[in-house]
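# A closer look at the structure
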Amino acid sequence: MKLWDRVQRGMEAGFDAAIAAVHTITEKAGEGIELTRLRREKARLETQVTRRLAELGNKVFESISASQNDELAKQLGVKEMVFDIAQDEARMVDVDMRLKKEMKDRE
């Protein structure tokens, strides 16, 4: 599973929980319908912007990684971040393999 898929799944769960919390809090506080609607709309738009920024970042990361374009990474100021992400992905693969082995050993 790609890093973006994992990030997206986590973000969606977090955003859904945040929106649900906003709904509950505003309704319990007895705020007016219009204020509640505006807060919900703001939360929805913030979620949409955050998702789009994450998707954009993922596309930039994949483009830089696929082309191994160090110069572009330097220009964007993300070379170290790209390297760190690559290391984290490698660690995730290792942990996933160890996890599968551990689960298999317990069967």
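Residues numbered from 1 in each chain as written. Predicted model: local features only at pLDDT ≥ 70, side-chain atom pairs only at ≥ 80, totals over all residues. Heavy atoms only, no water.

## Describing the overall build of the chain
For the record, the criterion: The helix count covers DSSP runs of H or I at least four residues long, the strand count covers runs of E at least two residues long, and both are numbered beginning at the N terminus. For a compact globule the rule gives 2.2 Å times the number of residues to the power 0.38, and the radius of gyration it is set against comes from C-alpha atoms. When a residue's accessible area, from a 1.4 Å probe over protein chains only, is under 20% of the maximum for its type it is buried; when over 50% it is exposed; and in between it is partly exposed.
Counting its secondary structure elements, the chain contains four helices and zero strands. Helices and strands in the chain line up, N terminus first, as α-α-α-α. Relative to the globule expectation of 13 Å for 107 residues, the C-alpha radius of gyration of the chain, 20 Å, shows a markedly less compact shape. On the principal axes, the C-alpha backbone points of the chain span a range of 50 × 50 × 15 Å. Counting the 107 residues in the chain, one finds 11% classified as buried.

## Topic: the confidence of the model for the chain
Put simply, the rule is: pLDDT gives the predictor's per-residue confidence on a scale running from 0 to 100.
For the chain, per-residue confidence averages 82 on the pLDDT scale, and 92% of positions sit at 70 or higher. Summarising per-element confidence for the chain, the mean pLDDT is lowest in helix 1 (residues 3-28) (75) and highest in helix 4 (residues 79-106) (89).

## Structural notes on the pattern of salt bridges
Note the cut-off: Salt-bridge detection follows one rule: a side-chain nitrogen of Lys or Arg within 4 Å of a carboxyl oxygen of Asp or Glu.
Taken as a whole and assessed by the stated rule, the structure comprises eight salt bridges. Of the charged contacts in the structure, one is a salt bridge between E41 and R44, with a shortest N-O distance of 2.7 Å. Of this pair, E41 and R44 both sit in helix 2 (residues 33-67), three residues apart, which is roughly one turn of that helix. Residue classification places R44 among the partly exposed positions, given a relative accessible area of 38%. A salt bridge links D105 to K101, with the nearest nitrogen and oxygen atoms 3.0 Å apart. Linking D105 with K101, this pair stays in helix 4, spanning four residues, or about one helical turn.

## Quick word on the environment of K104
Take K104: it is sitting in helix 4. Residues K104 and Q75, spaced 29 residues apart in sequence, show a C-alpha to C-alpha distance of 46 Å.

## Comments concerning helix 2
Worth spelling out the cut-off: One less than the number of residues in a helix, times 1.5 Å, gives the span that helix is expected to have.
End to end, helix 2 covers 51 Å across 35 residues, agreeing with the expected 51 Å (1.5 Å per residue, within 8%). Remark: Q68 follows helix 2 within two positions and exhibits a positive phi of approximately 50°.

## Some points on the environment of D16
Within the fold, D16 resides in helix 1. On the accessibility criterion, D16 (48% relative accessible area) is partly exposed. Distance in space between the C-alpha atoms of D16 and L56 is 21 Å, their sequence separation being 40 residues.

## As for a nonpolar patch on the surface
Condition: Surface patches are drawn from residues lacking salt bridges whose relative accessible area is over 30%; two like charges belong together within 9 Å, two nonpolar side chains (Val, Leu, Ile, Met, Phe, Trp, Tyr) within 5 Å. Under the convention used here, a 1.4 Å probe and the Shrake-Rupley method define accessible areas, while residue burial counts only the protein chains that appear.
Residues V49, L53, L56, V60, L72 and L76 make up a contiguous nonpolar surface patch of about 510 Å² in total accessible area. Elements that contribute at least two residues to the nonpolar patch include exactly helix 2 and helix 3 (70-76). Within the secondary structure layout, L76 lies in helix 3. Assessed through its relative accessible area of 46%, L76 is described here as partly exposed.

## Some remarks on the side chain of T47
Using the following cut-off: Residues adjacent in sequence count toward polar contacts only when both atoms are side-chain atoms; beyond that, a polar contact is any pair of N or O atoms within 3.5 Å, and within protein one must be able to donate a hydrogen and the other to accept it. Working rule for contacts: check all heavy atoms of both residues, and any pair within 4.5 Å makes them a contact.
Position of T47 among the secondary structure elements: in helix 2. According to the relative accessible area criterion, T47 is buried, its value standing at 8%. Looking at T47, its side chain comes within polar contact range of the main-chain oxygen of A43, at 2.9 Å. Those residues within four positions of T47 in sequence are excluded, and the remaining contacts are F15 and I19.

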